[in-house]
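So you can see what is in the structure, the chains are spelled out below.
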Protein chains: 2
Amino acid sequence: MGVTKRFIHSDYINEIARIAKVFAHPARVSILKYISEQESCICNDLVDEIGLSQATISQHLTVIADAGLLKGIYKGKAKCYCINLETFENFRETLNSFFITTKSKCC
Amino acid sequence: MGVTKRFIHSDYINEIARIAKVFAHPARVSILKYISEQESCICNDLVDEIGLSQATISQHLTVIADAGLLKGIYKGKAKCYCINLETFENFRETLNSFFITTKSKCC
DNA sequence: TCGTAATATTGCAATATTACGATAATAAGT
DNA sequence: ACTTATTATCGTAATATTGCAATATTACGA
């Protein structure tokens with residue numbers, strides 16, 4: 001028990017849930033918003049900006065990166081986080097079309 | 001530990017996460033999609049349609065309802081589930097504008 | 001009111017997520 | 001090579017989520 005039964009749902013349904021999950025935690029939403037607001041893409045102060053430990057921020061960044069939402073991660077003294085706008089826009093369209101088609105077919 | 005620290009984020013950030021969480025499980029996405037596809041709004045066969053127990057479906061429905069996404073719940077032998085299209089559309093717009101504004105300010 | 005069908009709730013087990021301290025790894029500069 | 005700054009990973013604790021069996025509730029019809 002306790003395991004999400006993904007195999008009983010279609011790929012499309014699972015994809016919607018997978019995308020939504022990235023945004024389902026306020027820390028990750030904050031991180032994305034903060035990165036988007038930076039002039040340059042050097043964002044080594046997420047820890048100070050958001051009130052969570054460095055380890056926790058790093059974990060959330062991994063989740064965001066695993067979803068394909070980060071790019072331009074150059075290793076160095078400070079890492080460079082940028083949102084992968086292609087994937088980000090893709091997520092927006094996928095979610096939005098889910099809402100639109102679901103709404104249109106609703107009773 | 002283990003508790004999401006909502007108080008460190010703005011209401012707006014928490015709202016985005018709260019909305020996304022509803023769609024962050026494939027069972028709930030399936031339920032919403034299925035309900036939207038019904039001609040009438042009598043949907044007492046979700047259990048047969050999705051491969052989960054009646055108790056589990058009921059729990060997911062509660063989550064969806066608590067978010068304000070269900071309406072027209074008439075008590076009776078069979079309950080009647082309809083998506084609250086106002087809230088649903090509101091969620092779409094909130095998420096979509098988050099994507100758009102976050103994207104537009106990105107480096 | 002009694003039986004039946006449909007849905008909700010409870011209790012519990014299994015797994016997932018969140019958070020952080022400690023520590024390791026990485027890269028730049030000296 | 002050594003130090004320093006930054007980020008990643010590991011280990012662990014606490015909480016949340018998922019799923020289902022059992023049971024309760026609800027509403028309808030006979």
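Being a predicted model, the structure only gives us computed values, none of them experimental.

### A few points about the interface of chain B and chain A
Here's step 1: Tallying the contact residues gives 48 residues for chain B and 50 residues for chain A.
Here's step 2: Contact between chain B and chain A buries roughly 4300 Å² in total, counting both sides, with carbon and sulfur atoms accounting for 73%.
Here's step 3: A salt bridge links Lys-103 of chain B to Glu-89 of chain A; the nearest nitrogen and oxygen atoms lie 3.0 Å apart.
Here's step 4: Across the chain B-chain A interface, the total number found is 13 residue pairs in polar contact (both at pLDDT 80 or more).
Here's step 5: Among the elements of the structure, helix 1 (11–22), helix 2 (26–37), strand 2 (82–83) and helix 5 (85–104) of chain B are those that each provide at least two residues to the side of chain B that touches chain A.
Here's step 6: Grouping the amino acids of the side of chain B that touches chain A by side-chain chemistry returns 26 nonpolar, 12 polar and 10 charged.

### A few points about the protein's contact with DNA strand C
Here's step 1: The environment of DNA strand C is made up of 27 residues, and the closest members are Gly-2, Lys-5, Asn-44, Gln-54 and Lys-77 of chain B.
Here's step 2: When atoms of DNA strand C within 4 Å of the protein are sorted by moiety, sugar and phosphate together comprise 71%.
Here's step 3: Within the side chain of Arg-28 of chain A, an N or O atom sits 3.1 Å from a phosphate oxygen of DNA strand C.
Here's step 4: Between DNA strand C and His-60 of chain A there is a distance of 2.8 Å, counted from a phosphate oxygen to a side-chain nitrogen or oxygen.
Here's step 5: Of all the elements in the fold, those that place two or more residues in the surface near DNA strand C are helix 4 (54–66) of chain A together with helix 4 (54–66) of chain B.
Here's step 6: Residue contributions to the surface near DNA strand C peak at four residues, all from helix 4 of chain A.

### Points about the environment of Leu-70 of chain B
Residue and element names in this part refer to chain B.
Here's step 1: Inspection of the secondary structure assignment puts Leu-70 in strand 1 (residues 70–71).
Here's step 2: In sequence terms Leu-70 and Thr-4 are 66 residues apart; their C-alpha atoms lie 26 Å from each other.
Here's step 3: If we skip the residues at most four places from it in the chain, Leu-70 touches Ile-35, Leu-61, Ile-64, Ala-65, Tyr-81, Cys-82 and Asn-84.

### Considerations on the protein's contact with DNA strand D
Here's step 1: Taken together, 27 residues lie near DNA strand D, and Gly-2, Lys-5, Gln-54 and Lys-77 of chain A together with His-25 of chain B sit nearest.
Here's step 2: The sugar-phosphate portion of DNA strand D accounts for 70% of its atoms within 4 Å of the protein, the bases making up the rest.
Here's step 3: Side-chain polar atom of Gln-54 of chain A to a base nitrogen of DNA strand D: 2.8 Å apart, as the coordinates give it.
Here's step 4: His-60 of chain B places a polar side-chain atom, nitrogen or oxygen, 2.9 Å from a phosphate oxygen of DNA strand D.

### As for the relation of the copies chain B and chain A
Here's step 1: By a simple turn and slide, chain B fits onto chain A: the slide is 0.0 Å along the axis, the RMSD is 0.1 Å, and the turn is 180°. In the structure described here, the two chain copies are related by an operation that fits a two-fold rotation axis. It is Ala-20 of chain B whose C-alpha, among those of chain B, lies nearest the rotation axis, at 2.6 Å.
Here's step 2: An overlap of 100% is found between the interface residues of chain B and their copies at the interface of chain A, pointing to a shared contact surface.

### Observations concerning the side chain of Arg-92 of chain A
Here's step 1: In this structure, Arg-92 of chain A sits in helix 5 (residues 85–104).
Here's step 2: A distance of 2.9 Å separates polar atoms of two side chains, one belonging to Arg-92 of chain A and the other to Glu-89 of chain A.

### What to know about helix 2 of chain B
Residues and elements named next belong to chain B.
Here's step 1: When the terminal C-alpha atoms of helix 2 are compared, their 16 Å separation across 12 residues agrees well with the 16 Å that a helix rising 1.5 Å per residue should span.
Here's step 2: With 11 of its 12 residues buried, helix 2 lies for the most part within the structure.
Here's step 3: Here helix 2 has its buried residues at Pro-26, Ala-27, Arg-28, Val-29, Ser-30, Ile-31, Leu-32, Lys-33, Tyr-34, Ile-35 and Ser-36.

Parameters at a glance
Residues numbered from 1 in each chain as written. Chains lettered and ligands numbered in written order. Predicted model: local features only at pLDDT ≥ 70, side-chain atom pairs only at ≥ 80, totals over all residues. Heavy atoms only, no water. Contact = heavy atoms within 4.5 Å. Buried area = accessible area lost by both parts, 1.4 Å probe. Salt bridge = Lys/Arg side-chain N within 4 Å of Asp/Glu carboxyl O. Polar contact = N/O pair within 3.5 Å; in protein donor to acceptor, adjacent residues only side chain to side chain. Helix = DSSP H or I, 4+ residues; strand = E, 2+ residues; numbered from the N terminus. Nonpolar A, V, L, I, M, F, W, Y, C, P; charged D, E, K, R; others polar. Near = heavy atom within 4 Å. Least-squares fit on C-alpha atoms with pLDDT ≥ 70 in both. Expected span 1.5 Å × (residues − 1). Buried < 20%, exposed > 50% of the residue type's maximum accessible area, 1.4 Å probe, protein only.

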